[in-house]
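Tertiary structure, described
Below, each chain spelled out in residue letters.
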Amino acid sequence: MRALDIKLTRDFRRLWAQALAIALVIAGAVATLIMAVGSYRSLDETRNAYYERYRFADVFAVVRRAPKPLIGPISEIPGVAAVDARIAKLALLDIPNFREPATGQFISLPEFGEPVLNRLYLRLGRLPDAARAEEVAVSESFAKSHRFEPGSKFSAILNGRKHELVVVGIALSPEFIYAVGPGDIMPDDRRFGIIWMPEKALANAYDLDGAFSSVALKLLPGASEREVTMRLDALLDRYGGAAAHGRKDQTSHAWLNHELDMLNNMSRTLPPIFLLVAAFLVNLTLSRLVALEREQVGLLKALGYGNVAVAFHYFKFVILIVLVGIIIGSAAGTWLGAHVTRLFGDFFRFPFLVFTKNPDLYIAAAALSAVAALVGAARALREVVALAPAVAMQPPSPPRFHRILPAWLKFDRVLSQPVVMMLRNISHHPVRAAFTMLGMSLATAILVVSLFTRGTMEELINVTYFMADRQDATLSFVEKRSQDVVYQVTRLPGVLAVEPYREVPVRIRKGTVERRIIISGRPADADLRRIIDVDLHPVVLPESGLAISDLLAKILGVDVGDFVEVDLLEGQHRTVSLPIAARVEDYFGIRGMMDASALSRLMRESPSVDSVNLGVDKNKLDDLYDAVKRLPVISGMPLQRESLANFRTTVALLLTTMASIYTGLAAIIAFGVVYNSARISLSERARELASLRVLGFTKGEVLRILLLELALLTFLAQPPGWVFGYGLAWIMRTNLAGELMRVRLVVENSTYIIASGIVILAAVFSALVVRKRVYRLDLVAVLKTRD
């Protein structure tokens, strides 16, 4: 073994704790990258495989009643590969031992064979027998929530008549990975389920023999989705068809896409931050290590080792640390990635999971970590090359101390001697102190960015559930109703307040930018479901004009007073131009809002409603539930408290879990930064501290001088860390914002406290380690440095 390799081995043994701390920082960056990208790839591959194997459709449309012979012309549309015409209807369910009304999305199954598109994956049991009208298959999440199994029974109100149904199968469908009931914004597995029923039985119940009410299309590769939807709309228009749409606007696919995009954006936001901290720490550690070993560098050069050989020696030291970090990070990232994939897989109830472990990800993570470390080491290696042997073998010139403050400011009379010594040392090494503070600030910052999601989620909940949507429940109707229905609803037991609600699907356009949204019409004095502006103040809708989501305004590039084109996708299907009257702050979806009377005039119809928002007496909920179950015109009854509970246990749970993982990795990095700062500070001041011991200072006094400096720098580093953390949180929030859900940036005071607390705990732990080192200082060995 070469002499320099022997020295490398000894250096690594001597500095194993500091090397491990740096390796853990690098491991945190590698693990974050592999976890985030690996889990995203696995879930994306799982989704694609699920869609392909079970033939998920590309285009969807609903119609009031279309004859089956229309399937021929639909299949002849250029670009259409397959057509699946079926019956789809919403209906209220009455489930034994479940007091609240539930809703079922009924989908017909063909008499023979499987559906052409959106095929079912059977978890348990079998498909319904076409000759048995009472047999159904139900979605797995709904079945588990009610402990259904083959043979379980429940009833449904189909077209005004109550039908007793028997569960014979439990299934999954690529069309309903993320199943949301009418009027809800979150999945509710107890109160909304997918029910597959023989076509003949469902057609008889709704008088749709020889007809269909829903159609799904599979497109050929390269086909124009826009052209196909336009031709499909033209064919369905005379039969009461609503505008066809592609996967982008299909609820399940859109939400699944949103969740995966958030995961993907996390992989592009946090790993670079962690790698930056790793590069800084390597730079800080190696440059100070070289400064401590300047005599050895000079001796090596004097013995004939060239600049390249000496620099390569320290280069190998860095590579060794990086290799340890890559190995630890790869193992941890693989395990965490599998955990996150299973977490999301269970949430979306994929029938299977495809785990991808592509070598390119591990190579990229290793390469990025190595580059970050080497960039950080570049300055130190440059200093090694620049050191001349004669200069390097001489001890550094003693620092020249001078008075910084005026003579009349005698702080030594107020402050103790150790405090004065600590302050003097900081003042005479400002660059070193500044870099130490910067490292600790970055440690605090990455903790803030990992923890901030809790505050933003609470703000989302506060604005959505307590400021804007304050209703207790919503009644959704099977079809559009006259506004007279409001007076009928007020007579239901327990109803204290009623507000009508009307929704119209539209395409909104400004120039070449277009989005499909819902325009909701509501009373100008609505109080149960209010509109909140960007300053979180209630908005009173004007008698004319359109209020739109703030994000939609940014997407379209419009502001209050601008005009937009709106294609009405219901009724007369005409295009109108509307002024923007207000920009509204909301966190779910992008939408438009109008005064109910203005929307009626726009639609050229008498005042109508799709749903009503209710304020109810909670003591009479059971009576209200019983009354609603007897109303055939009701398709669903979302409950606000249930929606809030579901939000906390679904999206919030996923985000909290991811935040917890990132916080754990950030805490490891924070410890690495603080521990290295403390150890390097001890190494740099070992001779000075030993001299103080010889002069009569006790071990405790010497330790206090060192730890006072660490404590002061740790506390001074916190405010800049909060500022950096807020900036990084803003970047992350911006990257995570999507059209389906976004959050307002709120970093609670508790977030800063927790982040600083973790860094301070790391400092305390580091102080305990340093304490043992100080107490074991070999005074003779330390003071043998040449003068």
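Heads up: these notes are all about the structure in this document. (Residues numbered from 1 in each chain as written. Predicted model: local features only at pLDDT ≥ 70, side-chain atom pairs only at ≥ 80, totals over all residues. Heavy atoms only, no water.)

Below, the discussion takes up helix 5 (residues 199-206). Extensive coverage of helix 5 is indicated by the burial of six of its eight residues. Those residues of helix 5 not exposed but buried are Glu 199, Ala 201, Leu 202, Ala 203, Ala 205 and Tyr 206. Looking at the buried residues of helix 5, the elements they touch are strand 3 (88-94), strand 4 (102-109), strand 7 (153-158), strand 8 (161-172) and strand 9 (192-198). Two residues or fewer after helix 5 comes Asp 207, characterised by a positive phi angle close to 55°. (Buried < 20%, exposed > 50% of the residue type's maximum accessible area, 1.4 Å probe, protein only. Helix = DSSP H or I, 4+ residues; strand = E, 2+ residues; numbered from the N terminus. Contact = heavy atoms within 4.5 Å.)

A few words on the packing of helix 13 (residues 430-451) against helix 23 (residues 718-736). The interhelical angle for the contact between helix 13 and helix 23, taken along N-to-C directions, is 40°, at an axis separation of 7 Å. On the basis of the axis angle, helix 13 is oblique to helix 23. Note on packing geometry: the crossing formed by helix 13 with helix 23 is right-handed. For the pair helix 13 and helix 23, the contacting residues are Leu 438, Ser 441, Leu 442, Thr 444, Ala 445, Val 448 and Val 449 in the first and Gln 718, Pro 720, Gly 721, Trp 722, Phe 724, Gly 725, Tyr 726, Leu 728, Ala 729 and Met 732 in the second. Taken together, the residues of the contact of helix 13 with helix 23 break down into twelve nonpolar, five polar and no charged. (Axes fitted to C-alpha atoms, helices over the stretch in contact; angles between N-to-C directions. Parallel < 35°, antiparallel > 145°, perpendicular 65-115°, else oblique. Left-handed = near helix turned anticlockwise from the far one by under 90°. Nonpolar A, V, L, I, M, F, W, Y, C, P; charged D, E, K, R; others polar.)

A few words on the sheet that holds strand 2 (residues 80-86). Within the open sheet, the four strands sit side by side as 2-10-1-11. Their pairing is antiparallel. Where the open sheet ends on each side, the last strands, each with one partner, are strand 2 and strand 11 (245-246). For strand 1 (residues 59-67) and strand 10 (residues 211-219), the ladder comprises six bridges, and the chain directions are antiparallel. Counted as the bridge partner of Phe 60 is Ala 216 from strand 10. (Pairing = 2+ DSSP bridges.)

Moving on, we get to the packing of helix 14 (residues 453-468) against helix 19 (residues 640-649). Viewed as axis vectors pointing N to C, helix 14 and helix 19 meet at an angle of 165°, and their least axial separation amounts to 11 Å. Viewed along their axes, helix 14 and helix 19 adopt a mutual orientation that is roughly antiparallel. Pair helix 14 / helix 19 crosses with right-handed handedness. Within the contact between the two elements, helix 14 uses Met 457, Glu 458, Leu 460, Ile 461, Thr 464, Tyr 465 and Phe 466 and helix 19 uses Gln 640, Ser 643, Leu 644, Phe 647 and Arg 648. Residues belonging to the contact of helix 14 with helix 19 are distributed by class as follows: seven nonpolar, three polar and two charged.

Another aspect to go through is the packing of aromatic side chains. Following the criterion strictly, the structure yields 18 aromatic pairs and no others. The interplanar angle of 45° and the centroid separation of 6.4 Å between the aromatic rings of Tyr 178 and Phe 348 together place this pair among those described as tilted. With Tyr 178 in the loop between strand 8 and strand 9 and Phe 348 in helix 9 (residues 307-348), this residue pair connects regions lying 170 residues apart in the sequence. Residue Phe 348 is classed as buried on the basis of its relative accessible area of 2%. Ring plane angle 50° and centroid distance 5.8 Å describe the contact between Trp 722 and Tyr 752, whose orientation is recorded as tilted. (Phe/Tyr/Trp six-rings, centres within 6.5 Å; stacked < 30°, edge-to-face > 60°.)

What follows covers the environment of Pro 607. In this structure, Pro 607 sits in the loop between helix 17 (596-603) and strand 21 (608-616). Pro 607 gets classed as partly exposed once you look at its relative accessible area, which sits at 44%. Between the alpha carbons of Pro 607 and Ser 597 there is a distance of 6.9 Å; along the sequence they are ten residues apart. For Pro 607, the residues in contact, after removing those within four places along its chain, are Ser 482, Gln 483 and Ser 600.

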